[in-house]
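The residues making up each chain are set out below.
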Amino acid sequence: MGIIAWLAAVNSALAYTLWNRTLQTLAAVESSIINNTMLFQITILAWVFLGEQLTWQKVMGMFVAALGTLVVQVRK
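Not measured: the values here are computed from a predicted model. (Residues numbered from 1 in each chain as written. Predicted model: local features only at pLDDT ≥ 70, side-chain atom pairs only at ≥ 80, totals over all residues. Heavy atoms only, no water.)

A.B. asks: Can you explain the layout of surface pockets? Please cite residues and give values.
C.D. replies: The computed volume of the largest pocket comes to approximately 330 Å³. Lining the largest pocket are N11, L14, A15, L18, W19, T22, I34, N35, M38 and Q41. For the lining of the largest pocket, the secondary structure elements donating two or more residues are α1 (2-25), α2 (28-36) and α3 (38-50). Ranked by the residues each element gives to the lining of the largest pocket, the list is headed by α1, at six residues. (1 Å grid on protein atoms, 1.4 Å probe; cavity = no way out; pocket = protein on both sides within 12 Å on 5 of 7 lines; lining within 4 Å. Points joined across faces, edges and corners; volume = space filled by probe spheres on them. Helix = DSSP H or I, 4+ residues; strand = E, 2+ residues; numbered from the N terminus.)

So this is what it looks like as structure tokens:
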């Protein structure tokens with residue numbers, strides 16, 4: 001129970017702190033790009049640390065998310 005509470009508090013506090021910091025230093029579009037890359041970051045971390053299987057659906061989802069992030073970043 002203590003571990004779950006610790007992880008919830010630390011992860012939430014860290015996430016909100018980092019998000020607020022990016023909003024202070026970056027433009028909203030740049031912060032949004034970072035937020036949109038979390039989709040494939042989480043998939044890769046689950047594969048590395050939790051031994052999750054990378055199916056073709058997950059790989060295609062990561063590709064679409066990366067492509068969308070790239071389109072937003074390149075488009076002016």
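A.B. asks: Describe the side chain of T43, and please don't skip the residues or the numbers.
C.D. replies: Counting through the fold element by element, T43 comes out in helix α3. Contacts of T43, omitting those with residues within four sequence positions, involve L54, K58 and M62. (Contact = heavy atoms within 4.5 Å.)

A.B. asks: How would you explain the pattern of salt bridges if you had to name every residue and give the values?
C.D. replies: Once their charged atoms are close, side chains differing in charge can pair, the charge on each being opposite to the other. Summed over all chains, the structure comprises one salt bridge. Between E52 and K58 there is a salt bridge whose closest N-O contact spans 3.8 Å. Look at E52 and you get partly exposed, because its relative accessible area is 40%. Take K58: its relative accessible area is 34%, and that puts it in the partly exposed class. (Salt bridge = Lys/Arg side-chain N within 4 Å of Asp/Glu carboxyl O. Buried < 20%, exposed > 50% of the residue type's maximum accessible area, 1.4 Å probe, protein only.)

A.B. asks: Break down the packing of α2 against α3 for me, with residues and values.
C.D. replies: Across the interface, α2 lies against α3 with an axial gap of 5 Å and an inter-helix angle of 30°. As summarised for this structure, α2 and α3 are arranged roughly parallel, according to the angle between their axes. Between α2, through I34, N35 and N36, and α3, the contact on the second element is made entirely by M38, L39 and F40. (Axes fitted to C-alpha atoms, helices over the stretch in contact; angles between N-to-C directions. Parallel < 35°, antiparallel > 145°, perpendicular 65-115°, else oblique.)

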